[in-house]
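Take a look at the letters that make up each chain.
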Amino acid sequence: MLQRCYDKKHAFYKNYGEKGIVVCQRWKESFKEFLKDMGPRPKELTIDREDGTKGYEPSNCRWATRKQQCENTKSAKYLTVKMQQQDWANK
């Protein structure tokens, strides 16, 4: 999280720091404060920003599965399918 936002040599800096994504001051200064807000990382989950245009802060972060994270990107595509109810039930 910190490297993506502040290390210009990090592979993903261009998608975070370069776009103005920052870590709130409390978390940036203290991992203890981060743990107080987020708790320990649950197994198989990673930190996710609910609003991808905002930074890493308690009101915008959650622990999420990879699937949730993929669904929470600008590149996620959703389809609307028109089917008869009976056809849908048979699928």
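Preceding this section is the structure that the text describes.
Report follows, based on the coordinates.

Conventions and cut-offs
Residues numbered from 1 in each chain as written. Predicted model: local features only at pLDDT ≥ 70, side-chain atom pairs only at ≥ 80, totals over all residues. Heavy atoms only, no water. Patch = residues over 30% accessible without salt bridge, like charges linked within 9 Å, V, L, I, M, F, W, Y side chains within 5 Å. Areas by Shrake-Rupley, 256 points an atom, 1.4 Å probe, with all protein chains shown as cover. Salt bridge = Lys/Arg side-chain N within 4 Å of Asp/Glu carboxyl O. Buried < 20%, exposed > 50% of the residue type's maximum accessible area, 1.4 Å probe, protein only. Phe/Tyr/Trp six-rings, centres within 6.5 Å; stacked < 30°, edge-to-face > 60°. Helix = DSSP H or I, 4+ residues; strand = E, 2+ residues; numbered from the N terminus. Lys NZ or Arg CZ within 6 Å of the ring centre and 35° of its normal. Lys, Arg positive; Asp, Glu negative; His and termini not counted. Polar contact = N/O pair within 3.5 Å; in protein donor to acceptor, adjacent residues only side chain to side chain.

## Comments concerning a nonpolar patch on the surface
Thinking step 1. Side chains of Leu2, Tyr6 and Val22 sit close together on the surface and give an oily, nonpolar patch of about 230 Å² of accessible area.
Thinking step 2. Leu2 sits in the partly exposed class, given a relative accessible area of 36%.

## Some thoughts on the packing of aromatic side chains
Thinking step 1. For the coordinates displayed, the defined rule picks out 3 aromatic pairs.
Thinking step 2. Geometrically, the ring pair formed by Trp27 and Phe34 is edge-to-face, given 4.8 Å between the ring centres and 85 degrees between the ring planes.
Thinking step 3. A relative accessible area of 8% places Phe34 in the buried class.
Thinking step 4. The interplanar angle of 85 degrees and the centroid separation of 6.1 Å between the aromatic rings of Phe34 and Trp63 together place this pair among those described as edge-to-face. One end of the pair, Phe34, is in helix H3 (residues 31–38); the other, Trp63, is in strand S2 (residues 61–64), with 29 residues separating them in the sequence. Taken individually, Phe34 and Trp63 each receive the classification buried, so the pair is uniform in this respect.
Thinking step 5. Taken together, the ring pairs connect Trp27, Phe31, Phe34 and Trp63 into an aromatic cluster.
Thinking step 6. The aromatic ring of Tyr16 is capped on one face by Arg4, whose charged end is 4.9 Å from the ring centroid.

## Examining the pattern of salt bridges
Thinking step 1. What the rule picks out here adds up to 4 salt bridges.
Thinking step 2. Measuring nitrogen to oxygen at the nearest pair gives 2.9 Å for the salt bridge that ties Arg26 to Glu33.
Thinking step 3. Judged by its relative accessible area of 37%, Arg26 is partly exposed.
Thinking step 4. Across the salt bridge formed by Arg62 and Asp48, the nearest N and O atoms sit 2.9 Å from each other. A residue pair is termed long-range when its members are at least 10 positions apart, and Arg62 in strand S2 and Asp48 in strand S1 (residues 46–49) qualify at 14 residues.
Thinking step 5. In this structure Asp48 comes out as buried when scored by relative accessible area, which is 7%.
Thinking step 6. Via salt bridges that share partners, Arg26, Glu33, Lys36 and Asp37 belong to a single interconnected network.

## Things to note about the side chain of Arg49
Thinking step 1. Note on placement: Arg49 falls in strand S1.
Thinking step 2. Asp48 provides the closest opposite charge to the buried, salt-bridge-free Arg49, at an N-O distance of 6.5 Å.
Thinking step 3. At 2.8 Å, the side chain of Arg49 and the backbone oxygen of Lys54 are in polar contact.

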